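# Chain and residue survey
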Amino acid sequence: MDCLFCKIVAGEIPSGKVYEDDYMYAFRDISPEAKVHVLVVPKQHIGSMDEITAENSAVVARIFEKIPEIARMAGCESGYRVISNCGPDAGQSVMHLHFHILGGEELPLHIRGN
Ligand code: AMP
Ligand code: ZN
């Protein structure tokens with residue numbers, strides 16, 4: 001499958017790894033919108049929020065259990081924001097489910113991650 005984030009997970013495209021386990025991969029956004037801008041993706045291909053099902057939602061739960069630790073490791077010391085853009089109106093540009101973690105500074109009100 002020709003998916004950018006599947007290639008990053010597979011190590012075929014270099015990335016700034018922040019955290020990895022059997023289920024997820026977290027790495028620095030190539031075009032940061034805040035001092036800290038990390039993307040967390042499931043290792044299995046899920047296209048977007050629209051493709052979360054009862055069969056694959058356990059990995060989403062694991063990601064959310066881990067996000068506070070990933071945010072801390074990445075340098076968020078006094079809070080962070082989590083965003084997932086789904087579909088054209090939200091401006092989703094990579095069709096592999098991902099959660100933006102933004103922080104490291106006081107964030108502007110309007111920031112959508114991309
Ligand atoms: P979205 O537009 O919400 O789908 O988010 C996609 C994000 O992926 C954007 O913030 C991009 O800056 C980021 N991105 C695109 N290519 C790469 C890459 N090779 N490494 C890291 N982040 C990337
Ligand atoms: Zn993928």
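Above this text sits the structure in question.
A brief structural summary. (Residues numbered from 1 in each chain as written. Chains lettered and ligands numbered in written order. Predicted model: local features only at pLDDT ≥ 70, side-chain atom pairs only at ≥ 80, totals over all residues. Heavy atoms only, no water.)

### Focus: the environment of Gly 113
As for its position among the elements, Gly 113 is in the segment after β5 (99-103). Under the relative-accessibility criterion, Gly 113 is labelled buried at 2%. Remark: the alpha-carbon pair of Gly 113 and Leu 102, spanning 11 residues in sequence, is separated by 7.5 Å. Excluding anything up to four places from it in sequence, Gly 113 contacts Asp 29, Glu 33, His 37, Ile 83, His 100 and Leu 102. (Helix = DSSP H or I, 4+ residues; strand = E, 2+ residues; numbered from the N terminus. Buried < 20%, exposed > 50% of the residue type's maximum accessible area, 1.4 Å probe, protein only. Contact = heavy atoms within 4.5 Å.)

### Let's talk about the sheet that holds strand β2 (residues 24-28)
Spatial strand order, β1-β2-β3-β5-β4: 5 strands in an open sheet with antiparallel pairing. Each end of this open sheet is capped by a strand with a single partner; those strands are β1 (17-20) and β4 (80-83). Here the average twist between neighbouring strands, direction ignored, is 20°. Where helix α2 (residues 57-74) meets the sheet, its contacts fall on β1, β2, β3 (36-42), β4 and β5, and the angle it forms with β3 comes to roughly 155°. (Pairing = 2+ DSSP bridges. Axes fitted to C-alpha atoms, helices over the stretch in contact; angles between N-to-C directions.)

### Some words on the side chain of Asn 85
Along the chain, Asn 85 turns up in the loop between β4 and β5. On the basis of relative accessible area, Asn 85 is assigned to the buried category, the value being 8%. With residues near it in sequence (within four places) discarded, Asn 85 still touches Ala 90, Gly 91, Gln 92, His 100, Arg 112 and Asn 114.

### Regarding α2
The terminal C-alpha atoms of α2 lie 24 Å apart, and with 18 residues this matches the ideal 26 Å at 1.5 Å per residue to within 8%. Largest kink in α2: about 45°, centred on Ile 67, with the proline Pro 68 one to four residues after it. If you check which residues of α2 are buried, you get Val 59, Val 60, Ile 63, Ile 67, Ile 70, Ala 71 and Ala 74. Against the buried residues of α2 lie β1, β2, β3, β4 and β5. Of the residues flanking the end of α2, it is Gly 75, one or two places downstream, whose phi is positive at about 115°. (Expected span 1.5 Å × (residues − 1). Bend = angle between axes of the 7 residues up to and from the residue.)

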